[in-house]
Amino acid sequence: MSRCRRIIQWFFFLLMFIVPALNMLEIYFIKGTYISMDVGELAVSDPLAVLQAVFASHEIKAVMIASVTLPLLIAVLLGRVWCSWACPYYLILDGIEALRKKLGLKPLKPVYSESGPSKANFFRYALLISGFILVGAAGVPLLYLISPPSVLSSQAVMLIKHFTLTAEFIFIPIVLIIETFFVYRFWCRFFCPTGTVLSIFKSSKGLRVEYSGSCSGCSRCVKACPMVLDPRKDGASSQCHNCGECVSICPDNRKTDTLKFRIK
Amino acid sequence: MSLFDSIKNALNENPFSGHYKINRMRPPGSVDEKRFMKLCVRCSRCVEVCPYDVVKRSTKTEYGEIGTPFIYAEEAGCHLCMKCTSVCPTGAIDPKVTEMEQTSIGIARINEETCNNYIYDRQESGEEADGMAALCSSCFNVCPLQHEAIRLENGLTPVITEKCTGCGLCVERCPTRPRSISIIPKDMPDAATAGYYHFLKRMGK
């Protein structure tokens, strides 16, 4: 499963560069960035984009509602799969983790603690709310200057079309340096506004990791979880983004269904 | 031309795109500037879809405009293909605008002091006039709405009419430096409201 996830991640990573290239060849079937995209006649937008525009301008348009329907439906049914299966920034983080392992550096990942998830949750929701208040006060959708997938994707367009990068790209190296040397996946865990908006819509009935109740207790799943959660407890929490690392690593799964994905 | 003027001109010819202070317009069909800044989510879709590569991403940070689309008419004017109007996810660029006649990015203004055609006209009628006198008519020749948005008075002097869409193709082709024709973005009709766009202030009008 992790192999399958990696292929999809690479597909979305490359799509970021392929779409503008196709547009330059005047193929307009698929156009847009990860903030908003048109596939054929279907318009898809990041819910964060639309929410920001609504907050800043105090108006709601039919176009906006229509374009967020599909992403929200996916979020309700499948949880935050965008984060772990598609986000280009997440792929870079996976790469950094693998690189650190290859170089033999000590893993940055903190030890799981009981209060960790609720602290992280409080932090990111507080940040999101204060971000929206700021957006509403300033009247400018500022959160997009600090959202890695949107910055990456819009800068990919600039790179392909004009061979330049604009100033907001500076944000990416800064967070990557912090991610590489100081704090383990701090952006996804504590800050990411896109992920936080998606986790609001994650329902407890949608795709989630479910624990059967008893296992051999090797706690390999806890070690594998990139979000520093305990999959046996936090499988349905809004921080879990259904990457499936714990499900594929669990040794007990070979005998009985101990840690499995479940819908409904 | 004094030294100060030539320095100013050199700065106006700044090779770093995104630093033009005049002739800087929003894509065709944009809503008014205030609402545009609120609605635009900086998704780069208009930049991506533009087949002529004239819509560019702003790099300036004033008023949080970073990432918003601009057309820098001195580099390249808009060809009014109207591809960008349909892609905007939040309606900052109005999707109902589909014909080039509907757009009003701004309106062109001719600086009659420096325009080659006007100088020629003045010299013909026996007036004193400095500078290059020529029947260049570049702005007239390049206009997509020829005879409607721009016409040649007496076959000599270009005159902008109300129908001007402000696409900026004339600015791109104007041979004089600084340009004798500029786009005044809509809602900035006189020097007092020109603000950031100091072409009017430079002309003293």
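Computed from a predicted structure; not experimentally measured.

(A) Expanded view of the overall build of chain B. When helices and strands are counted, chain B shows 8 helices and 7 strands. The buried share among the 205 residues of chain B stands at 54%. Sequence separation of at least 24 residues holds for 60% of the intrachain contacts in chain B that already meet a minimum separation of 6. Of the roughly 9400 Å² of accessible surface on chain B, 52% is carried by carbon and sulfur atoms.

(B) A look at the side chain of T85 of chain B. Residues and elements named next belong to chain B. Assignment of secondary structure puts T85 in the loop between β3 (69-72) and β4 (106-110). Judged by its relative accessible area of 2%, T85 is buried. Looking at T85, its side chain comes within polar contact range of the main-chain oxygen of M82, at 3.2 Å. If sequence neighbours within four positions are ignored, T85 has contacts with P28, G29, I93, D94, P95 and V97.

(C) Broad picture of the pattern of salt bridges. All names here are of chain A. By the definition in use, this model includes 18 salt bridges over all chains. Across the pair E97 and R185 runs a salt bridge whose closest N-O atoms are separated by 2.6 Å. With E97 in helix α5 (residues 88-102) and R185 in the loop between α8 (171-181) and α9 (186-191), this residue pair connects regions lying 88 residues apart in the sequence. Note on R185: relative accessible area 3%, which makes it buried. Taking the shortest distance from any N to any O, the salt bridge between R208 and E210 comes out at 3.4 Å. By relative accessible area, R208 is classed as buried at 9%. The exposure class of E210 is partly exposed, given its relative accessible area of 28%. Members of the salt-bridge network, linked through shared partners, are R5, R6, D94, E97, R185 and E245.

(D) Highlighting the interface of chain A and chain B. Taken together, the contacts link 34 residues of chain A with 29 residues of chain B. Summed over the shared surface of chain A and chain B, the number is 4 salt bridges. Notably, a salt bridge pairs R35 of chain B with E59 of chain A, separated by 3.0 Å at the nearest N-O pair. At the surface where chain A touches chain B, the tally comes to 13 residue pairs in polar contact (both at pLDDT 80 or more). Contributions of two or more residues to the side of chain A that touches chain B are made by α1 (2-24), β1 (30-32), β2 (36-39), α2 (47-57), α3 (62-78) and α7 (148-162) of chain A. Of all the elements, α7 of chain A adds the most residues to the side of chain A that touches chain B, at 6 residues.

(E) Structural context of helix α4 (residues 116-124) of chain B. Residues and elements named next belong to chain B. Of the positions making up α4, those classed as buried are N116, N117, Y118, I119 and R122. Each element contacted by the buried residues of α4 is listed here: β4, β5 (150-153) and β6 (157-160). Two residues or fewer past α4, G126 is found with a positive phi of approximately 85°.

(F) Examining the packing of α2 of chain A against helix α10 (residues 193-200) of chain A more closely. All names here are of chain A. Packing of α2 against α10 leaves a shortest axis separation of 9 Å and a crossing angle of 95°. Here α10 runs roughly perpendicular to α2, going by the angle between their axes. Within the contact between the two elements, α2 uses P47, L48 and L51 and α10 uses P193, T194, V197 and L198. Looking at the contact of α2 with α10 residue by residue, the class counts come to 6 nonpolar, 1 polar and no charged.

(G) Inspection of the nonpolar core at higher detail. Of all hydrophobic cores here, the largest spans 62 residues; its most connected members are V41, V55, C170 and I181 of chain B. With residues near it in sequence (within four places) discarded, V41 of chain B still touches I35, A49, A53, P141 and Y144 of chain A together with P89 and T90 of chain B. Counting residues in hydrophobic clusters, the runner-up holds 36 residues, among them M16, C87, C188 and C246 of chain A.

(H) Looking closely at α10 of chain A. All names here are of chain A. Burial analysis of α10 places 7 of its 8 residues in the buried class, which makes it a mostly covered element. Turning to α10, its buried residues are P193, T194, G195, T196, V197, L198 and S199. Of the surrounding elements, those touching the buried residues of α10 are α2, α3, α4 (81-86), α6 (116-138), α7 and α9.

(I) Region of interest: the packing of aromatic side chains. All names here are of chain A. According to the stated counting rule, one finds 14 aromatic pairs over all chains in the structure shown. Judged by centre distance (5.6 Å) and plane angle (90°), the ring pair of F123 and F191 falls under edge-to-face. Of this pair, F123 sits in helix α6 while F191 sits in helix α9, placing them 68 residues apart in sequence. Owing to a relative accessible area of 38%, F123 belongs among the partly exposed residues under this scheme. Grouped by ring-pair contacts, the aromatic residues F123, F171, F186, W187, F190 and F191 constitute a single cluster. Against the face of Y125 rests R124, its NZ or CZ located 5.3 Å from the ring centre. One residue, R185, lies across the ring of Y90, its end atom 4.7 Å from the ring centre.

Conventions we followed
- Residues numbered from 1 in each chain as written.
- Chains lettered and ligands numbered in written order.
- Predicted model: local features only at pLDDT ≥ 70, side-chain atom pairs only at ≥ 80, totals over all residues.
- Heavy atoms only, no water.
- Helix = DSSP H or I, 4+ residues; strand = E, 2+ residues; numbered from the N terminus.
- Buried < 20%, exposed > 50% of the residue type's maximum accessible area, 1.4 Å probe, protein only.
- Contact = heavy atoms within 4.5 Å.
- Areas by Shrake-Rupley, 256 points an atom, 1.4 Å probe, with all protein chains shown as cover.
- Polar contact = N/O pair within 3.5 Å; in protein donor to acceptor, adjacent residues only side chain to side chain.
- Salt bridge = Lys/Arg side-chain N within 4 Å of Asp/Glu carboxyl O.
- Axes fitted to C-alpha atoms, helices over the stretch in contact; angles between N-to-C directions.
- Parallel < 35°, antiparallel > 145°, perpendicular 65-115°, else oblique.
- Nonpolar A, V, L, I, M, F, W, Y, C, P; charged D, E, K, R; others polar.
- Core = buried A, V, L, I, M, F, W, Y, C linked by side-chain atoms within 4.5 Å.
- Phe/Tyr/Trp six-rings, centres within 6.5 Å; stacked < 30°, edge-to-face > 60°.
- Lys NZ or Arg CZ within 6 Å of the ring centre and 35° of its normal.

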